[in-house]
Amino acid sequence: MFGEQKVSYSGVQPSGNLTIGNYLGAIRNFSEYSEKYKTFYCVVDSHAITVRQVPVELRRRTYETLALYMACGLDPEKNTLYVQSMVHEHAELAWILNCFTMFGELSRMTQFKDKSARHADNINAGLFTYPVLMAADILLYQTDVVPVGIDQKQHVELCRDIAERINQLYPGTFTVPEPIVSKSGMKIMSLAEPTKKMSKSDENTNAVVYILDDRDTIIRKFKRAVTDSGAEVRFDPEEKPGVSNLMSIYSCFSGKSLEEIEREFAGKGYGDFKLAVGEVTADALAPVQKKFYELLADKAALEAQMKKGAEEASWYARRTLSKVQKKLGFLQVR
Ligand code: TYM
């Protein structure tokens, strides 16, 4: 809560081409809060450097992620859209929160365990304290709700623990946030290994549908998607993880319930079903892609937006940081 207003906050890393997992699990749900909440949606470039990035690509993806936010329907007049590294309070609050976060807590984070296994040659301290920077993002804005995919829920729960710990020592410091995980799109799985999350860093690009894939590519990828033995379109994530994942995607893009989909494809084979999933996905993404390329063509306008967003965000971030510094006993001689 900032004053009387409830706050929604979330972020996406510009660390790869964004996938339909990012779209259905997160970005698509952001605009739900635009009317009634004060909303902040951030391009978290500081998080991205916990694994090595190529600077020109990081720059390009930072523009692209902002343009995608807008193409997915986030109006910059109604939402504060900004780039994390342009608001230095994030790094400052993260340091303070580091001093209230336990080594054991961070060691238990599943994303840290996964990423340190995948990047065994670069298990840097930033990768370990990544959730603390994420907590700083959220707490700086006195956030009430954090719309995320299920893989980020554990990080938001840690953020709650940190906020509660600090509130106990220094009452009234932070709003304690709640993760909001959309039921249908919470975890979109890989098309090649449907027991694994669809991830923008997957090396097998056929396993991943990107928001910017063209129609033919989308349809081809779904045609090749791994299904299960049998021929029945039935939702059963345990026994039929491949088909169930495709059903979730179809349901998200078409608005049809899982039961409706089962009825629609009763007696039809996987071939018809996969084609339908490809078509509905391509149809839904086409207007997003059109808008995206229009926005990306005007770099100056995107930069103006980054500036405006950073100024707006800084105003809120400064207020919280200064409150925390005062509570901790830092002098504020200006
Ligand atoms: P990131 O960049 O990995 O993903 C962005 C958002 O997309 C969701 N997501 C998915 N949802 C469903 N199915 C999938 N296959 C899938 N893949 C990704 C993620 O859950 C996330 O919501 N640490 C965060 C970024 C972050 C953040 C924050 C989020 C930094 N600060 C503050 C919320 C609040 C991350 O790495 O997301």
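Just above, that's the structure.
A brief report on the enclosed structure follows. (Residues numbered from 1 in each chain as written. Predicted model: local features only at pLDDT ≥ 70, side-chain atom pairs only at ≥ 80, totals over all residues. Heavy atoms only, no water.)

## Here's the deal with the overall build of the protein
Here's step 1: Each helix and strand counted, the protein has 13 helices and five strands in total.
Here's step 2: For 334 residues, the compact-globule formula gives about 20 Å, and the C-alpha radius of gyration of the protein, at 21 Å, lands near that figure.
Here's step 3: Considering only C-alpha atoms, the protein reaches an extent of 75 × 45 × 40 Å along its principal axes.
Here's step 4: By residue count, 54% of the 334 residues in the protein fall in the buried class.
Here's step 5: Across the protein, every contact between residues at least 6 apart in sequence was considered, and the portion connecting residues at least 24 apart equals 75%. (Helix = DSSP H or I, 4+ residues; strand = E, 2+ residues; numbered from the N terminus. Rg over C-alpha atoms; globule rule 2.2 N^0.38 Å. Buried < 20%, exposed > 50% of the residue type's maximum accessible area, 1.4 Å probe, protein only. Contact = heavy atoms within 4.5 Å.)

## Description of helix H4 (residues 89-98)
Here's step 1: Within H4 the residues assigned to the buried category are Glu89, His90, Leu93, Ala94, Ile96 and Leu97. Each buried residue of H4 lies within a common arc of 160° when the element is viewed along its axis, so the set occupies one face. Projecting away from the buried face of H4 at angles above 90 degrees are the exposed residues Ala91 and Trp95.
Here's step 2: Tucked into the core, H4 has its buried residues touching strand S1 (7-12), strand S3 (80-83), helix H7 (125-140), helix H8 (153-169) and helix H13 (299-328). (Arc of directions from axis to C-beta.)

## Some thoughts on the side chain of Thr80
Here's step 1: For Thr80, the position within the fold is in strand S3.
Here's step 2: Residue classification places Thr80 among the buried positions, given a relative accessible area of 0%.
Here's step 3: Of the polar contacts made by the side chain of Thr80, one reaches the side chain of Glu312; its length is 2.7 Å. (Polar contact = N/O pair within 3.5 Å; in protein donor to acceptor, adjacent residues only side chain to side chain.)

## Considering the site of the ligand
Here's step 1: Taken together, 27 residues surround the ligand, and among them Tyr130, Asp137, Asp151, Ile188 and Lys200 come closest.
Here's step 2: Gln13 is positioned with one of its side-chain polar atoms (N or O) 2.8 Å from an oxygen atom of the ligand.
Here's step 3: Residue Gly21 places a main-chain N or O atom 3.2 Å away from a nitrogen atom belonging to the ligand.
Here's step 4: In the complex, the protein chains occlude 97% of the 710 Å² of accessible area that the ligand would expose alone. (Near = heavy atom within 4 Å. Areas by Shrake-Rupley, 256 points an atom, 1.4 Å probe, with all protein chains shown as cover.)

## Looking at the nonpolar core
Generally speaking, nonpolar side chains in soluble globular proteins are found buried as a group.
Here's step 1: The biggest cluster of nonpolar side chains holds 57 residues, and the ones touching the most others in it are Tyr69, Phe222 and Phe273.
Here's step 2: Counting only elements with at least two residues in this core, the list comes to helix H1 (20-30), strand S2 (38-43), helix H3 (55-71), S3, helix H9 (215-224), helix H10 (241-254), helix H12 (270-296) and H13.
Here's step 3: Take this core: its biggest share by element is ten residues, from H12.
Here's step 4: In terms of domain composition, this core takes at least three residues from each of domain 1 (7-181 + 298-328) and domain 2 (205-293).
Here's step 5: In this view, Phe222 contacts Ile20, Leu191, Val209, Leu246, Ile249, Lys274, Val277, Gly278 and Thr281; residues no more than four positions away in its chain are not counted.
Here's step 6: Membership of the second largest hydrophobic core comes to 44 residues, among which are Phe40, Val44, Ile138 and Tyr141. (Core = buried A, V, L, I, M, F, W, Y, C linked by side-chain atoms within 4.5 Å. Domains from an automatic or database assignment.)

## Points about the packing of aromatic side chains
Here's step 1: For the coordinates displayed, the defined rule picks out 18 aromatic pairs.
Here's step 2: When the centroid spacing of 5.2 Å and the interplanar angle of 80° are considered together, the rings of Tyr33 and Tyr37 count as edge-to-face. The burial state of Tyr33 is the same as that of Tyr37; both residues are buried.
Here's step 3: Three or more aromatic residues link up through ring pairs in this structure, and these residues are Phe2, Tyr9, Phe40, Tyr82, Tyr141, Trp315 and Tyr316.
Here's step 4: Over the ring of Phe40 we find Lys38, and its NZ or CZ is 5.2 Å from the ring centre.
Here's step 5: Its guanidinium or amino end placed over the ring of Tyr63, Lys299 lies 4.9 Å from that ring's centre, counting from NZ or CZ. (Phe/Tyr/Trp six-rings, centres within 6.5 Å; stacked < 30°, edge-to-face > 60°. Lys NZ or Arg CZ within 6 Å of the ring centre and 35° of its normal.)

## What to know about the environment of Thr281
Here's step 1: Along the polypeptide, Thr281 turns up in helix H12.
Here's step 2: Sequence spacing of Thr281 and Arg215 is 66 residues, and the spatial spacing of their C-alpha atoms is 8.6 Å.
Here's step 3: Excluding anything up to four places from it in sequence, Thr281 contacts Ile20, Ile218, Phe222, Ile249 and Phe253.

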